[in-house]
Amino acid sequence: MVYVNPHHHYPTTVSLRIVRRLELLRLANEYGFIIFEDDYDFDFHYNHRPLSPLASADEYRMVIYCVSFSKSFPQHFAWGIWLLPKM
């Protein structure tokens, strides 16, 4: 399993480019590993439009997509969603 934050890798704040995302998907299919995409800050883009999640281009069904609402709600709420590929 590979864990990725595609939009703002902490602490570098570097986003994973589209070409690298597609290559990661290809490698996951070739070697049979799962990608856990933690997209906790997808909605927090001020200067530009966010890139689509890695899971949106996953034709091999190798991505577990996780969204957290911890930045949108008060701190006593801990909500999130996991989207798993249909096997």
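Residue positions are given per chain, counted from 1 along the sequence in the order it is written. Local features in this predicted model are restricted to residues whose pLDDT is 70 or higher, and side-chain atom pairs enter the listing and the counts only when it is 80 or higher, whereas totals over whole chains, interfaces and linings include all residues. The basis for the side-chain values is all heavy atoms of the structure; hydrogens and waters are excluded.

Looking at the packing of aromatic side chains
- Only Phe, Tyr and Trp rings take part, Trp by its six-membered ring, and two of them pair if their centres are within 6.5 Å. Stacked means planes under 30 degrees apart, edge-to-face means over 60, and tilted covers everything else. A complete count under the given rule lists 1 aromatic pair for this structure.
- Centre to centre, the rings of Tyr 3 and Phe 36 are 5.8 Å apart; their planes meet at 15°, and the pair counts as stacked. Linking Tyr 3 in strand S1 (residues 2-4) with Phe 36 in strand S2 (residues 35-38), this pair joins segments that are 33 residues apart in sequence. Each helix corresponds to a stretch of at least 4 residues labelled H or I by DSSP, and each strand to a stretch of at least 2 residues labelled E; elements are numbered beginning at the N terminus.

Focus on the environment of Ile 34
- Relative to the assigned elements, Ile 34 resides in the loop between helix H1 (18-31) and S2.
- Exposure classes here rest on a 1.4 Å probe applied to the protein chains alone. A residue is buried below 20% of its type maximum, exposed above 50%, and partly exposed in between. According to the relative accessible area criterion, Ile 34 is partly exposed, its value standing at 23%.
- With 29 residues separating them in the primary sequence, Ile 34 and Val 63 have C-alpha atoms 5.9 Å apart.
- Whether two residues are in contact is decided by their heavy atoms: any pair within 4.5 Å suffices. Not counting residues within four places of it along the chain, the set of residues in contact with Ile 34 comprises Met 1, Val 2, Met 62 and Ile 64.

As for the nonpolar core
- Membership of the largest hydrophobic core is limited to 9 residues, which are Val 4, Leu 24, Leu 25, Ala 28, Phe 33, Ile 35, Leu 54, Met 62 and Val 63.
- Element by element, the count of residues in this core is highest for H1, at 3 residues.
- Every residue in contact with Val 4, bar those within four places of it in the chain, is listed here: Leu 24, Ile 35, Phe 36, Glu 37, Asp 38 and Leu 54. Here, the term nonpolar core denotes a set of buried Ala, Val, Leu, Ile, Met, Phe, Trp, Tyr and Cys residues that are joined through side-chain atoms within 4.5 Å.

As for H1
- Over its 14 residues, H1 runs 20 Å from end to end, which matches the ideal 20 Å to within 8%, given 1.5 Å per residue.
- One or two residues past the end of H1 sits Gly 32, with phi positive at roughly 75°. What a helix is expected to span follows from its residue count: subtract one and scale by 1.5 Å.

So, the pattern of salt bridges
- Put simply, a salt bridge is a Lys or Arg side-chain nitrogen that is within 4 Å of an Asp or Glu carboxyl oxygen. If you walk through the whole model with that rule in mind, you get 2 salt bridges.
- A salt bridge links Glu 23 to Arg 26, with the nearest nitrogen and oxygen atoms 2.7 Å apart. Residue Glu 23 and its partner Arg 26 are located together in helix H1, separated by 3 residues, close to a single helical turn.
- A relative accessible area of 35% places Arg 26 in the partly exposed class.
- For Glu 30, the salt bridge is made with Arg 26, and the minimal N-O distance between the two is 2.5 Å. Of this pair, Glu 30 and Arg 26 both sit in helix H1, 4 residues apart, which is roughly one turn of that helix.
- Put simply, Glu 23, Arg 26 and Glu 30 are held in one network by salt bridges that share partners.

This is a description of form; function is not addressed.
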